[in-house]
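Here is how the chains run, residue by residue.
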Amino acid sequence: TGIDQLTTLVNGLSLDSITEKHPQAHPEINPLDFYRAHLSNVLAGISGVDSQIIFPVINWTTGLDKGDFVLAVPALRIKGQKPDALATKWAEEFPTEDPLFDKPTTSGPFMSFFLKGGPLSNSLIPMIRNLGEEYGRNRFNGLKDPKDPKQGKKRIVVEFSSPNVAKPFHAGHLRSTIIGSFLANLYEGSGWDVVRINYLGDWGKQYGLLALAYEKYGNEEALQKDPIDHLFKLYVQINSEMTAEKESIEAQKKEGKDVTELEANSLDEQARRYFKRMTDRDEDVLKQWKIFRDLSIKRYKETYSRLNIAFDKYSGESQVSEDAMAKIAVEMEEKNISRVDNGATLVDFTKLLPGKEGKRLGVTVIRKRDGTALYLTRDICELLARYEEYKFDHMIYVVASAQDLHLKQLFEIIGQLGYKDIANRCQHINFGLVLGMSTRKGTVKFLDDILRDCADHMHETMKKNQDKYAQVENPIATADILGISSVMVQDMSGKRINNYTFNMEAMTSFEGDTGPYLQYAHSRLCSIKRRANLTEEDLLSADLSLLTEQHATNVVRMLSQWPDTVQNTLKTLEPTTVLTYLFKMSHAVSSSYDHLQVVGSEKELMKARMALYDAARIVLSNGMKLLGLTPLERY
Ligand code: ARG
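Residues numbered from 1 in each chain as written. Predicted model: local features only at pLDDT ≥ 70, side-chain atom pairs only at ≥ 80, totals over all residues. Heavy atoms only, no water.

## A look at the site of the ligand
Surveying the vicinity of the ligand reveals the residues E159, S162, N164, H173, Y199, Y375, D379, Y397, V399, Q403 and H406. Interatomic distance of 2.7 Å between a side-chain N/O atom of Y375 and a nitrogen atom of the ligand. (Near = heavy atom within 4 Å. Polar contact = N/O pair within 3.5 Å; in protein donor to acceptor, adjacent residues only side chain to side chain.)

What follows is the structure, given as structure tokens:
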């Protein structure tokens, strides 16, 4: 449905012929591809330039007032002729009676093209309503071989969130969670086989210390009830004990006392010994550690599900085997990547890489004198193990830009080891800081605290409008979802790399480009549908040629851009690409309400307008879900 409306209008332009000529084009899921193909053909006829050269340089515009497409004539690189003159000439020769486009306008060497509203509405609205959740998805992008779908999908591993057990879930983890989940959804919608991995910080001497704390002060019941909270409290307590102990030993040392015995029995030393048992795979201590880990994961899962996130795998630093690390150490020495210095194993990038890059990467330790491995060592083995397990075509690490150096070092070592092909498949997606994030109950501890705080604030904002508040069926649950939308939209509003200031007041506002505004826009579309109370048959039989107003055309034009927007997002990998589109689209819809009333209009008009708004609802919902939001139907 839908697209055949266009094929009947343009003789001789079949879907197969389009995809054959332009392999990236899929008009059956992206109608603008049909428009581009037709436009390239018409312009080819006028200019004599091959349509395959024209097609890829037809660009989007920055706003509907500038047309739907723009062509920069110089991009065609025609020798010996002035682009301005060509643009004018071609515009003049453009057929007046073209079925899909108005006559182009020009500005210097640029030609602007405007879609005719009628054919667009007739084809696009049924298409969107028919594709539903699929509209904007593109199953072709992820194919190993687009010409041979039987070869299957490409696979991507997205590692994100990756908090540290028994430590606070900070803003860096929050951003990684939001951005990572979005990227995973994006690739999934583009036909990739996506593996979501959470790489927990759950290993190191500090977890030996935590186990000691549990032996001393642990409480089985408290652990079961809220493992994340209980372990965190134990961790804080034992750490302050350890600090006090260290200070006291230092003081006694200064007084000239013999502290050998004190040091040998210190918490620090006990933790070291305990952790040694962990790395030696002592069954008793591992069993205990697994209980902590499993209980924590269970709690994490509950929280992630509030954000519509489910990981395929909870990996973590503890899952990297000592054997693998011992092996890689040998391999690195044999390949002259590392050297032993004073008992420790180092990688000296300044020797491995000439010039600036080597200096930038510096020198790093991968094995301490006592034989313990480090964060980087574990990442090296984990990366290779992931490749063994998943044979990924691509892997993304969603980690704060504070770890830029770490990931550069990691990828460089993998390349130096001779796994250039694997290193080239890895990508670090980084992001800036969140400034001023603290909850009202103090500094941020866990994801739950952040979400609860936003929900509380949201609840108060909602209460300010008593009339509306009284109508909300389940205010607590609604405030929860709105609160989550607030944080997420604020986080995704700017470019990833920018820092931003956490602003509870601004993000929970219904005005401006906020999460609650998007939710409002969506629930308003849902409410129109409820109130119009038309049947599916009504909507299917709507006469869409009744949508003659400029406001209607503008909404449909915005809706037609959704598949292109998703496609472009795969290039930018920026959530803001989607968000900017959704706000523009919602603004177009909202400014049409006064002009295109549904309830109260004559039946046929009501049907056509409702079909239009229904298509808008679908696109908004698809976009929100891609971002990881839960679109509300009413509040
Ligand atoms: N747990 C780490 C932290 O909180 C982030 C892990 C990032 N991923 C990785 N493969 N190193 O800093």
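## Focus: the domain arrangement of the protein
Taken domain by domain, the protein consists of domain 1 (3-115) and domain 2 (485-627). Opposite the ten residues of domain 1 that make contact, domain 2 presents nine residues. Buried area between domain 1 and domain 2, both sides added, is near 940 Å², and the carbon and sulfur share of it is 50%. Together, L32, W60 and L64 form the three largest contributors to the area buried by domain 1 at its contact with domain 2, with a combined 54%. (Domains from an automatic or database assignment. Contact = heavy atoms within 4.5 Å. Buried area = accessible area lost by both parts, 1.4 Å probe.)

## Examining the sheet that holds strand β7 (residues 313-316)
Ordered by their spatial adjacency, five strands build an open sheet running β7-β6-β5-β11-β12, and the pairing between neighbours is parallel. The sheet terminates laterally at β7 and β12 (426-429), the two strands that pair on one side only. Neighbouring strand axes in the sheet, compared pairwise and without regard to direction, differ in orientation by 25 degrees on average. Inspection of the sheet shows strand β11 (residues 394-398) paired to β12 by four bridges, in the parallel sense. (Pairing = 2+ DSSP bridges. Helix = DSSP H or I, 4+ residues; strand = E, 2+ residues; numbered from the N terminus. Axes fitted to C-alpha atoms, helices over the stretch in contact; angles between N-to-C directions.)

## Let's talk about unusual backbone geometry
Non-glycine residue N308 carries a positive phi angle of around 60 degrees. Assignment of secondary structure puts N308 in the loop between α13 (283-306) and β7. In this structure N308 comes out as partly exposed when scored by relative accessible area, which is 44%. Positive phi is not limited to glycine here, since L573 has a value of about 50 degrees. With respect to the helices and strands, the residue L573 is situated in the loop between α27 (562-572) and α28 (575-590). (Buried < 20%, exposed > 50% of the residue type's maximum accessible area, 1.4 Å probe, protein only.)

## With respect to the environment of L120
Within the secondary structure, L120 sits in helix α6 (residues 117-131). In this structure L120 comes out as buried when scored by relative accessible area, which is 0%.

## Considering the sheet that holds strand β2 (residues 69-72)
Strand order in the open sheet formed by four strands is β1-β2-β4-β3, and the pairing between neighbours is antiparallel. Because the sheet does not close on itself, it has two edges, and the strands there are β1 (58-59) and β3 (105-107). Inspection of the sheet shows β2 paired to strand β4 (residues 110-113) by four bridges, in the antiparallel sense. Bridge assignment links L71 to a residue of β4, and that residue is M111. Against the sheet, helix α3 (residues 31-47) touches β1, β2 and β4, its axis set at about 40 degrees to β2.

## Describing the side chain of N138
Checked against the element boundaries, N138 lands in the loop between α6 and β5 (155-159). Owing to a relative accessible area of 9%, N138 belongs among the buried residues under this scheme. A polar contact of 2.9 Å, which involves the side chain of N138, links it to the backbone nitrogen of F140. Sequence-distant contacts of N138, defined by excluding residues within four places in its chain, comprise I29, G189, S190, G191 and Q567.

## With respect to the pairing of β11
Of all the five residues making up β11, five are buried; the element is thus mostly covered by neighbouring parts of the structure. Side-chain alternation along β11 places H394, I396 and V398 on one buried face and M395 and Y397 on a second face that is also buried.

## A closer look at the environment of E28
Tracing the backbone through its elements, the reader meets E28 in the loop between α2 (15-21) and α3. Overall, E28 belongs to the partly exposed group, its relative accessible area being 28%. In the structure, E28 is positioned 330 residues away from G358 in sequence and 50 Å away in space, judged by C-alpha atoms. Ignoring any residue separated from it by four or fewer positions in sequence, one finds E28 in contact with L15, M127, L131, R139 and F140.

## Examining the packing of helix α24 (residues 515-532) against α28
Where α24 meets α28, the closest approach of the two axes is 11 Å, and the angle between their N-to-C directions is 45 degrees. Accordingly, the angle class assigned to the pair α24 and α28 is oblique. Crossing of α24 over α28 shows left-handed handedness. Only L579, L582, F583, S586, H587, V589 and S590 of α28 make contact with α24, whose side of the interface consists of Y517, L518, A521 and L525. Classifying every residue of the contact of α24 with α28 by side-chain character gives eight nonpolar, three polar and no charged. (Parallel < 35°, antiparallel > 145°, perpendicular 65-115°, else oblique. Left-handed = near helix turned anticlockwise from the far one by under 90°. Nonpolar A, V, L, I, M, F, W, Y, C, P; charged D, E, K, R; others polar.)

## Notes on the packing of α6 against helix α29 (residues 603-627)
At a minimum axis distance of 9 Å, the contact between α6 and α29 shows a crossing angle of 50 degrees. Considering their axes alone, α6 and α29 lie oblique with respect to each other. In this structure, α6 crosses over α29, and the sense of that crossing is left-handed. Residues I125, I128 and R129 of α6 form the contact with α29, whose own contacting residues are A611, L612, D614, A615, I618 and V619. Residue composition of the contact of α6 with α29, by class: seven nonpolar, no polar and two charged.

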